Amino acid sequence: MLKKIIIKNVALIESAEIEFSSGLNVLSGETGSGKSVIMESINFVLGAKADKSLIKSGESECSVTAEFDIENVLGAKQALSDIGFDEDDVLILSRKMSDNGKSVVKINGNSATVGMLKKLTSVLVDVHGQSEHFTLLDENNQLKLIDNFGGDEIKDIKEQVKSRYESLKNMIKELNSNGGDERDRLIRLDVLNYQINEIENAQIKENELEELSDLKIQLVNREKIVSALSAVKSCISDEGALDSLSGAVRTVGQIANLNGNYQSLTDRLNSVYSELDDISETACGLSEEFEDYGYTLSEVEDRLYKIKNRNTAEITIR
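Please read all numbers here as calculations on a predicted model, not as lab measurements.

A.B. asks: A description of a negative patch on the surface should follow, citing residues and the corresponding values.
C.D. replies: Taken together, the side chains of Glu275, Asp277, Asp278, Glu281 and Glu288 make up a negatively charged region of the molecular surface. By relative accessible area, Asp277 is classed as partly exposed at 32%.

Right, dumping it as structure tokens:
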């Protein structure tokens, strides 16, 4: 139980020392008399979050010390041991905060952290008010309360339930590793058969996905491709580039036999003429081939969707 609390420079309180007796203790007073400040002080020393606004105006620090009698509080003694402190029947908690926001915590005179303080006070005090959280409403604590109430009388039953529960979990795990129960396996088999049939009916060809992806790019850029190929053919053939080059070949060819340099120039012009003529024919052929694809963009996209959807089908059999 809480025996005494000492408050210094907290809010409006410069200094106060309050002693509590066993049983019910009541703090009463008019609004503004400081009841809430006392509760804030208790929360502060129990490890609640606080800031420098808690410090009394004009002071550089505040502090709260609380003394507890834990002679018959086994949970508190165990908590002391768990955080590395010696068990004792008397517990003295103190917490100090300066105006730079730093906090100093001590448990029975030994330095500690706020985390240690919270672990200890969580089994020591339950502070609640209107619309605040009650320990009893915490699901994590409800089973512990029932177990503590049952004591040793239900210990054997708890062990039996725990053992059977572990056995059940192991059996369920083994069952799942073997495909689940018969109903689950039948459902799984139906799904897999459906997916296999879908894949087979799609009649997917080798490398078809890559080919269709490339074709989609061509169809998306149809206008640009046709325009470019037509421009090549037009520049070389329709606008007379080949005819002009042919005339140059004929003219230089008349003097080719007069000098080796003229013959070399004639050969180069013939080579350029042949290359341009081939380029023109190639551009024309590509343009005609593109127009004869026989697929629309919509058809290609539908086929791609079907193939990708079948590729993602899960066909692993456990």
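A.B. asks: Can you explain the sheet that holds strand S5 (residues 103–107)? Please cite residues and give values.
C.D. replies: Picture the strands of a sheet paired through backbone hydrogen bonds; they go either parallel or antiparallel. Read from one edge to the other, the open sheet built from six strands follows the order S2-S1-S3-S4-S5-S6, with strand pairing classed as antiparallel. Two strands in the sheet have a free side with no partner beyond their single neighbour: strand S2 (13–19) and strand S6 (110–112). Taken pair by pair, the neighbouring strands of this sheet meet at an average axis angle of 15°, ignoring direction. Where S5 lies against S6, three bridges are found, and the strand directions are antiparallel. Across the sheet, the residue bridging to Ile107 is Asn110, located in S6. Where helix H3 (residues 114–121) meets the sheet, it contacts strand S4 (90–98), S5 and S6, and its direction lies at approximately 140° from that of S4.

A.B. asks: How would you summarise a nonpolar patch on the surface if you had to cite specific residues and measurements?
C.D. replies: Side chains of Tyr165, Leu168, Met171 and Ile172 sit close together on the surface and give an oily, nonpolar patch of about 410 Å² of accessible area. Mapped onto the fold, Tyr165 is located in helix H5 (residues 155–177). The partly exposed category is assigned to Tyr165, whose relative accessible area is 47%.

Scoring rules and cut-offs
- Residues numbered from 1 in each chain as written.
- Predicted model: local features only at pLDDT ≥ 70, side-chain atom pairs only at ≥ 80, totals over all residues.
- Heavy atoms only, no water.
- Patch = residues over 30% accessible without salt bridge, like charges linked within 9 Å, V, L, I, M, F, W, Y side chains within 5 Å.
- Areas by Shrake-Rupley, 256 points an atom, 1.4 Å probe, with all protein chains shown as cover.
- Salt bridge = Lys/Arg side-chain N within 4 Å of Asp/Glu carboxyl O.
- Lys, Arg positive; Asp, Glu negative; His and termini not counted.
- Charge placed at Lys NZ, Arg CZ, Asp CG, Glu CD.
- Buried < 20%, exposed > 50% of the residue type's maximum accessible area, 1.4 Å probe, protein only.
- Pairing = 2+ DSSP bridges.
- Helix = DSSP H or I, 4+ residues; strand = E, 2+ residues; numbered from the N terminus.
- Axes fitted to C-alpha atoms, helices over the stretch in contact; angles between N-to-C directions.
- Contact = heavy atoms within 4.5 Å.

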